[in-house]
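Secondary and tertiary structure notes
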Amino acid sequence: MKNFDWTTFTRKIAIKAELSDIYNAWTKASDIEKWFLSKAVFIDTNEKPINKEEQVAKGFSYEWNWFLYDVTEHGKITEANGKDYIQFTFEGNCLVDIQLSTQDDHVVVKLTQKNIPTDDKSKQDIRLGCDSGWSFFLVNLKSVYEGGLDLRNKNSQFKGMLNN
């Protein structure tokens, strides 16, 4: 583990879908709730919630909730180009970059989480925990957009499963 980078990780997945659909999957509350969140609220620069069908823009903030967890994640949209790139804060001061590109008839989603603190709690909860979480949710993004099947567990009797 001597050369292990605790401060960043990258995960990629190819999804057979339209680029605009996958961009919307990250930037519209109605779409991000289909595969990632139980509730998403995006807030404009005037501190007013936007319509669930509206795309986020740089400077907006968010409040995110997941099924089975009584936690609200707050963060900011630091970049959003309207086409193939979005960046947001996550888990405090970490940054998550979402870079989309096309290859053949697929959209390649490249997710990088960086600026992860190196204290033991952050190593466990953010570096290892988020890596595991994002890996599942990227697979779920693919499942929802390629076949319509949402793999998330929403049953509280099965909390702590791989799919929540």
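First things first, this report covers the structure right here in the doc.

Parameters and conventions
Residues numbered from 1 in each chain as written. Predicted model: local features only at pLDDT ≥ 70, side-chain atom pairs only at ≥ 80, totals over all residues. Heavy atoms only, no water. Helix = DSSP H or I, 4+ residues; strand = E, 2+ residues; numbered from the N terminus. Rg over C-alpha atoms; globule rule 2.2 N^0.38 Å. Buried < 20%, exposed > 50% of the residue type's maximum accessible area, 1.4 Å probe, protein only. Contact = heavy atoms within 4.5 Å. Areas by Shrake-Rupley, 256 points an atom, 1.4 Å probe, with all protein chains shown as cover. Lys, Arg positive; Asp, Glu negative; His and termini not counted. Charge placed at Lys NZ, Arg CZ, Asp CG, Glu CD. Pairing = 2+ DSSP bridges. Axes fitted to C-alpha atoms, helices over the stretch in contact; angles between N-to-C directions.

1. Examining the overall build of the protein
Along the backbone of the protein there are three helices and seven strands. The linear arrangement of helices and strands in the protein, starting from the amino end, is β-α-α-β-β-β-β-β-β-α. Its C-alpha radius of gyration of 15 Å places the protein within 12% of the 15 Å reference for a compact globule of 164 residues. For the protein, the spread of C-alpha atoms along the three principal axes comes to 40 × 40 × 35 Å. Burial status across the protein gives 45% buried among its 164 residues. Considering only residue pairs separated by 6 or more positions, the protein has 51% of its internal contacts joining residues 24 or more positions apart. If you sum the accessible surface of the protein, you get close to 8,900 Å²; carbon and sulfur atoms cover 48% of it. Separation between the mean location of the 21 positive side-chain charges and that of the 24 negative ones in the protein comes to 3 Å.

2. Regarding the sheet that holds strand S2 (residues 39-43)
Strand pairing in a sheet relies on backbone hydrogen bonds, with the paired strands running either antiparallel or parallel. Taken in spatial order, the seven strands of this open sheet run S1-S7-S6-S5-S4-S3-S2, and their pairing is antiparallel. A single partner strand is all that each edge strand has here, and the edge strands are strand S1 (9-15) and S2. Pairs of neighbouring strands in the sheet enclose a mean axial angle of 25°, with direction left out of account.

3. Some words on unusual backbone geometry
It is generally the case that most residues other than glycine have a negative phi and that most peptide bonds are trans. In this model, Glu91 sits at a positive phi of 50°, which is unusual for a non-glycine residue. Along the chain, Glu91 turns up in the loop between strand S5 (85-90) and strand S6 (94-103). Here Glu91 falls in the partly exposed class, since its relative accessible area comes to 33%. Despite not being glycine, Asn115 has its phi angle at roughly 65°, a positive value. Tracing the backbone shows Asn115 in the loop between strand S7 (106-114) and helix H3 (120-147).

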